[in-house]
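Now for the letters of each chain:
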Protein chains: 2
Amino acid sequence: MQLRIIPKSAAGTDALRARGKRLTRPRRLILDLVRSTDAHPSAALVYREVRRHLPRVSLATVYRNLRMLAAEGLLSERADAGGTRFDGNTDPHDHFTCVACGRIYDVPPPAARRVSPRAAVRPGFEVHGQRIEFYGRCDACRRGSTRDRRRNYARAKPQGH
Amino acid sequence: MQLRIIPKSAAGTDALRARGKRLTRPRRLILDLVRSTDAHPSAALVYREVRRHLPRVSLATVYRNLRMLAAEGLLSERADAGGTRFDGNTDPHDHFTCVACGRIYDVPPPAARRVSPRAAVRPGFEVHGQRIEFYGRCDACRRGSTRDRRRNYARAKPQGH
DNA sequence: CTAATTGCAAATTATTTGCAGCCCC
DNA sequence: GGGGCTGCAAATAATTTGCAATTAG
């Protein structure tokens, strides 16, 4: 697995061009923003950030680009209570969702996993990949040292047991 | 109207009463329906089924009850592209999502997992539970022997890599 | 009885789409 | 220069809420 110190928008840019996609200002900015954070932002949050640099960009453009960039494999999407969140880290990795504040943290996958993807989930099933979802309380919430920041990312209910 | 005799509804019923919750007809039916299937139905699907027995029930009631039953731990919720789905199986288990048809299958957890919940996800983090999400093609789709049934449950995009 | 629950309709929130004009390659 | 992109506004889709009437215990 490679480290995530990617010169922001460089990588992927070519992949887009090859596909006949243009590299517009809003598009580049959206890609850079999502890639530069580990906060798994919602479309609305990306929108707010984008507008700090390009105030005329519309929410529709943000949605269109996020959707397209995910389809091209430059980002990934995560369905979450309260809306879709986007992840600039496309390497296989797991997540930890804090049931108190709703934040989602990345968790590097154990070295072992790649070697043993539980092969026969069910007979005849073809497993392309897997991901572990952990849930619990993050360090900050455990100490009660932080306020609920769910507002930033929409309420993130726990995803079940 | 006809009351099916459903053994499963017994459990949990008391838990509700203890909490001062009433056991209304719509409520009992909703609980039974979700518990009697492994299709991880959406609120809309539950609604359609409920109305086959109680035609006057409103969608709002279905939502209110699903939400409440999940909060009481009698069901669990799963955020999914296109909307929340509900799962009557509250035992720890994993899921397999077919990227072709969107169906979600239950996968029993390996015996080993309970013993080694990857403890230190991050320092200071308190892990309450975990769940593996597999994705790939199910047997039916692999053989091309079935049609896309996503209509039944809303489009279920893969959840990222 | 009487508080919890419901049906209905209207309100919110998340996301998508149609279209005329703009701007990358 | 021309087709992909964009902004805007209006359209959908998913979910929630206010409230008077209903009903379980």
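Relevant structure appears above.
A short tour of the structure in this document, coming up. On a predicted model such as this, the values are computed, not experimentally measured, just so you know.

Here the focus is the interface of chain B and chain A. Listed by partner, the interface residues are 41 residues for chain B and 41 residues for chain A. Between R142(B) and E126(A) there is a salt bridge whose closest N-O contact spans 3.9 Å. Those elements that place two or more of their residues in the side of chain B that touches chain A are β1 (76–78), β3 (94–98), β4 (104–107), β5 (126–137) and α6 (139–142) of chain B. Among the elements that make up the side of chain B that touches chain A, the one with the highest residue count is β5(B) (12 residues). As paired elements, strand β5 (residues 126–137) of chain A and β5(B) share 11 bridges and run antiparallel to each other. Bridge assignment links R131(A) to a residue of β5(B), and that residue is E133(B).

The environment of DNA strand C is formed by 22 residues, the closest being Y63(A), R22(B), T24(B), R27(B) and T61(B). The sugar-phosphate share of atoms of DNA strand C within 4 Å of the protein amounts to 65%. Between DNA strand C and L23(A), the relevant distance is 3.3 Å, taken from a phosphate oxygen to a main-chain nitrogen or oxygen of the residue. A distance of 3.3 Å is found between a phosphate oxygen of DNA strand C and a side-chain nitrogen or oxygen belonging to N65(B). When residues of the surface near DNA strand C are traced back to their parent elements, those giving at least two are α4 (59–71) of chain A together with α2 (25–35) and α4 (59–71) of chain B. At five residues, the largest contribution of residues to the surface near DNA strand C is made by α4(A). Tallied by class, the residues present in the surface near DNA strand C amount to seven nonpolar, seven polar and eight charged.

Right, let's talk about the environment of D139(A) for a bit. As for its position among the elements, D139(A) is in helix α6 (residues 139–142). The class of D139(A) is buried, set by a relative accessible area of 17%. Sequence separation of D139(A) and C98(A) is 41 residues, and the distance between their C-alpha atoms is 9.2 Å. If sequence neighbours within four positions are ignored, D139(A) has contacts with P123(B), G124(B) and F125(B). A polar contact of 2.7 Å, which involves the side chain of D139(A), links it to the side chain of R143(A).

Turning next to α2(B). The buried fraction of α2(B) amounts to nine of the 11 residues, a majority that puts the element mostly inside the structure. Looking at α2(B), one finds that the buried residues are P26(B), R27(B), L29(B), I30(B), L31(B), D32(B), L33(B), V34(B) and R35(B).

For the structure on display, the rule yields zero disulfides over all chains. Its sulfur unpaired, C98(A) is 3.7 Å from the next cysteine sulfur, which belongs to C101(A). With no disulfide of its own, C141(B) lies closest to C101(B) among cysteine sulfurs, the gap being 3.7 Å. On the accessibility criterion, C141(B) (11% relative accessible area) is buried.

Taken together, 24 residues are adjacent to DNA strand D, and R22(A), V57(A), T61(A), Y63(B) and T84(B) come closest. Considering the 4 Å shell around the protein, atoms of DNA strand D inside it are sugar or phosphate in 61% of instances. Here V57(A) contributes a backbone N or O atom positioned 3.2 Å from a phosphate oxygen of DNA strand D. For DNA strand D, a phosphate oxygen lies 2.2 Å from a polar atom in the side chain of T61(A). For the surface near DNA strand D, the element with the most residues is α4(B), which contributes five residues. When the residues that make up the surface near DNA strand D are grouped by side-chain class, the tally is seven nonpolar, eight polar and nine charged.

Right, let's talk about the packing of helix α3 (residues 43–53) of chain B against α4(B) for a bit. Residue and element names in this part refer to chain B. At a minimum axis distance of 9 Å, the contact between α3 and α4 shows a crossing angle of 120°. Taken together, α3 and α4 sit at an angle that is classed as oblique. The handedness of the crossing between α3 and α4 is right-handed. Packed against α3, whose contacting residues are A43, V46 and Y47, the element α4 presents L59, V62, Y63 and L66 at the interface. Residues that form the contact of α3 with α4 fall into these classes: seven nonpolar, no polar and no charged.

Criteria and cut-off values
Residues numbered from 1 in each chain as written. Chains lettered and ligands numbered in written order. Predicted model: local features only at pLDDT ≥ 70, side-chain atom pairs only at ≥ 80, totals over all residues. Heavy atoms only, no water. Contact = heavy atoms within 4.5 Å. Salt bridge = Lys/Arg side-chain N within 4 Å of Asp/Glu carboxyl O. Helix = DSSP H or I, 4+ residues; strand = E, 2+ residues; numbered from the N terminus. Pairing = 2+ DSSP bridges. Near = heavy atom within 4 Å. Polar contact = N/O pair within 3.5 Å; in protein donor to acceptor, adjacent residues only side chain to side chain. Nonpolar A, V, L, I, M, F, W, Y, C, P; charged D, E, K, R; others polar. Buried < 20%, exposed > 50% of the residue type's maximum accessible area, 1.4 Å probe, protein only. Disulfide = S-S within 2.5 Å. Axes fitted to C-alpha atoms, helices over the stretch in contact; angles between N-to-C directions. Parallel < 35°, antiparallel > 145°, perpendicular 65-115°, else oblique. Left-handed = near helix turned anticlockwise from the far one by under 90°.

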